[in-house]
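Here is what each chain is made of, one letter per residue.
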Amino acid sequence: MEIFWSLEQISGPFERACVTIGNFDGVHLGHHQLFSEVVKRARAGGGRAVVVTFDPHPLRVLRPNGIKLISTVEQKIEQIDRAGIDTLVIIPFDRSFAATSAKEFVQTILLDRIGMAQLVVGYDYAFGRGRSGDTQFLKEQGRQKGFPVTVVPAYYKDEMLVSSTQIRNLVAEGRMMDASSLLGRPYQIRGVVQVGKKRGGSEIGYPTANLQVNEEDLVPRIGVYAVQVISEGTCYGGVLNIGYNPTFGEQRLVAETHIFDFNRDIYGKPIRLNLLKFIRDEKKFSGIQDLAEQIAKDVLEAQKVLAAREQDLLLSCEAESVATI
């Protein structure tokens, strides 16, 4: 997939481009309905399948702290690439760009710069100053300027509307299996392993890989999870605690993962955590012994979760391993 990080990098219009536009946070199954339609129509017309998105997310600019994002730009690119898209255009978003009118966006960016021949959008998409560029506006522009517009209807999975808002709510509630169903893959957090207090191995008997968690980002429900850990292209099982270490009186939010059958030094190295199932809320224990006994129970519960989903996890692990190489 060819990636353009600004409109200025595009030297000329793409040939017979079939385009979709959106923020695509999480790149969930609903987004994949759009991508499939774009690819199908691009191939039928002998043109290029093009996705146009924005960075940062417009709401991060227009309403700071107004949105908790499901995915990073890196994750978004990976998932769009896997959808078979030919070209990804990432438009830098700022308040100046936000003032662009919907008509100007269609003419100067989509038609003149990108060479759009067809447009595919979601049922609820709107863009431009004041969100005036809704589907009705786009269809009218298509009639005036000669490009067909396809509106993809809402997509439901397990009787739930597949949307980024829905997934954010599920993650915040710790409903990881439901979130995974709508995403089409496990919800994932990433980070570089930090040096922690080193109590896990020496004091408690369960060494952990620690990631810092930014509370301005989407934070799953505080507590303990069964997880799949991807480290240097290899997958492991694990048990994760996202919380504040109340037993030790700490205040900083951290994600601590005990990785099963693992004894390598990965300080300063990136890992990925697929959150599979919420096990329990975080709680304060009377001492290290009580905490260690509870962790032993958490490990057994996580192992049951991993065993029950062994085949599905093997497939997701193979995909993640390719992505990290």
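Conventions used here
- Sequence order as written defines the numbering, with residues in each chain counted from 1.
- Given that this is a predicted model, residues contribute local features only at a pLDDT of at least 70 and side-chain atom pairs are listed and counted only at 80 or more, while totals for whole chains, interfaces and linings are drawn from all residues.
- With hydrogens and water set aside, each side-chain value is computed from the structure's full complement of heavy atoms.
- Should DSSP find at least two bridges between two strands, the strands are taken to pair.
- Helical segments are the DSSP runs of H or I of at least four residues, strand segments are the runs of E of at least two, and each set is numbered from the N terminus.
- Where helices are involved, their axes are fitted lines through C-alpha atoms of the stretch in contact, as for all axes, and angles between N-to-C directions lie from 0 to 180°.
- By definition, residues are in contact when any of their heavy atoms lie within 4.5 Å.
- The labels follow the angle: roughly parallel below 35 degrees, roughly antiparallel above 145, roughly perpendicular from 65 to 115, and oblique for the rest.
- For any pair of crossing helices, the crossing counts as left-handed if the nearer helix is rotated counterclockwise from the farther one by less than a right angle, and right-handed if it is rotated clockwise.
- Relative accessibility thresholds used throughout: buried, under 20% of the residue-type maximum; exposed, over 50%; partly exposed, between the two (1.4 Å probe, protein chains only).
- Whenever a nitrogen or oxygen atom comes within 3.5 Å of another N or O atom, the pair is scored as a polar contact, on the condition that within protein one atom can donate a hydrogen and the other can accept it, and that pairs from neighbouring residues in sequence are kept only if both atoms are in side chains.
- Three residue categories are used. Nonpolar comprises Ala, Val, Leu, Ile, Met, Phe, Trp, Tyr, Cys and Pro, charged comprises Asp, Glu, Lys and Arg, and polar comprises the others, including Gly.
- We define a salt bridge as a contact between a side-chain nitrogen of Lys or Arg and a carboxyl oxygen of Asp or Glu at a distance within 4 Å.

A. Representation of the sheet that holds strand β10 (residues 209-212) in the model. Strand order in the open sheet made by the six strands is β9-β14-β11-β12-β13-β10, with antiparallel pairing throughout. The sheet is open, and its two edges are formed by β9 (187-192) and β10, each paired on a single side. On average, each strand axis in the sheet is tilted by 35 degrees relative to the strand beside it, whichever way the strands run. In terms of strand pairing, strand β11 (residues 223-231) meets strand β12 (residues 234-243) through nine bridges, oriented antiparallel. Opposite Tyr 225, over in β12, you have Leu 240 as the bridge partner. Against the sheet, helix α3 (residues 73-82) makes contact with β9 and β14 (270-280), and its axis sits at roughly 130 degrees relative to β9, the strand it touches most.

B. Expanded view of the packing of helix α7 (residues 164-172) against helix α8 (residues 176-183). Look at α7 against α8: their axes get within 8 Å of each other, and the N-to-C directions meet at 155 degrees. The angle between the axes of α7 and α8 places the two elements in the roughly antiparallel class. Where α7 crosses over α8, the handedness of that crossing is left-handed. Here α7 contributes Gln 166, Ile 167, Leu 170 and Val 171 to the contact with α8, which in turn contributes Met 176, Asp 178, Ala 179, Leu 182 and Leu 183.

C. Representation of the side chain of Thr 53 within the structure. Following the sequence through the fold, Thr 53 ends up in strand β3 (residues 49-55). On the basis of relative accessible area, Thr 53 is assigned to the buried category, the value being 1%. Here the side chain of Thr 53 touches Asn 23 through a polar contact of 3.4 Å, landing on its backbone oxygen. Those residues within four positions of Thr 53 in sequence are excluded, and the remaining contacts are Gly 22, Asn 23, Phe 24, Lys 76, Leu 88, Val 89, Ile 90 and Ile 91.

D. Up close: the pairing of β11. For β11, the buried fraction is high: nine of the nine residues fall into the buried class. In the sheet, β11 pairs with β14 via eight bridges, with the strands oriented antiparallel. Looking across to β14, one finds that Ile 230 is bridged to Arg 272.

E. Quick look at the packing of helix α5 (residues 102-113) against helix α6 (residues 135-145). Packing of α5 against α6 leaves a shortest axis separation of 11 Å and a crossing angle of 55 degrees. In terms of their interaxial angle, α5 and α6 are classed as oblique. The element α5 and its partner α6 pack so that their crossing is right-handed. Within the contact between the two elements, α5 uses Ala 102, Lys 103, Val 106, Gln 107 and Leu 111 and α6 uses Phe 137, Leu 138, Gln 141 and Lys 145. The class makeup of the residues in the contact of α5 with α6 is five nonpolar, two polar and two charged.

F. Looking closely at unusual backbone geometry. A cis amide bond links Asp 55 to the next residue, Pro 56, at an omega of 0 degrees. Located in the positive-phi region is Glu 232, a residue other than glycine, with phi close to 50 degrees. Secondary-structure assignment places Glu 232 in the loop between β11 and β12.

G. Structural context of the environment of Leu 29. Among the structural elements, Leu 29 can be located in helix α1 (residues 29-44). Residue Leu 29 is classed as buried on the basis of its relative accessible area of 18%. The spatial distance from the C-alpha of Leu 29 to the C-alpha of Gly 184 is 5.9 Å, given a sequence separation of 155 residues. Not counting the four nearest positions on each side in its chain, Leu 29 is found in contact with Tyr 155, Lys 157, Val 162, Ser 181, Leu 182, Leu 183 and Gly 184.

H. Representation of α3 within the structure. Those residues of α3 that fall on the buried side of the exposure criterion are Gln 75, Lys 76, Ile 77, Glu 78, Gln 79 and Ile 80. One or two positions beyond α3, positive phi appears at Gly 84, with a value near 85 degrees.

I. Fine view of the sheet that holds strand β2 (residues 17-21). One open sheet accounts for six strands, arranged β1-β4-β3-β2-β5-β6; its pairing is parallel. Both outer strands of the open sheet, β1 (2-4) and β6 (149-152), are each paired with one neighbouring strand and no more. Across the sheet, the mean angle from the axis of one strand to that of its neighbour is 25 degrees, orientation sign disregarded. Relative to β3, β2 is paired through four bridges, and the arrangement is parallel. Bridge assignment links Val 19 to a residue of β3, and that residue is Val 50. Sheet strands in contact with α5 are β2, β3, β4 (87-92) and β5 (116-122), and its direction is about 135 degrees off that of β2.

J. Molecular detail of the pattern of salt bridges. A full pass over the atoms with the stated rule returns 17 salt bridges. Residue Arg 48 pairs with Glu 2 through a salt bridge whose shortest N-O separation is 2.8 Å. Note that Arg 48 is positioned in the loop between α1 and β3 and Glu 2 in strand β1, a separation of 46 residues in sequence. By relative accessible area, Glu 2 is classed as partly exposed at 38%. We note a salt bridge from Glu 74 to Arg 190, for which the minimum N-O separation is 2.9 Å. One end of the pair, Glu 74, is in helix α3; the other, Arg 190, is in strand β9, with 116 residues separating them in the sequence. Under the relative-accessibility criterion, Glu 74 is labelled partly exposed at 45%. Here the salt bridges do not stand alone but share partners, grouping Glu 74, Glu 78, Arg 190 and Arg 272 into one network.

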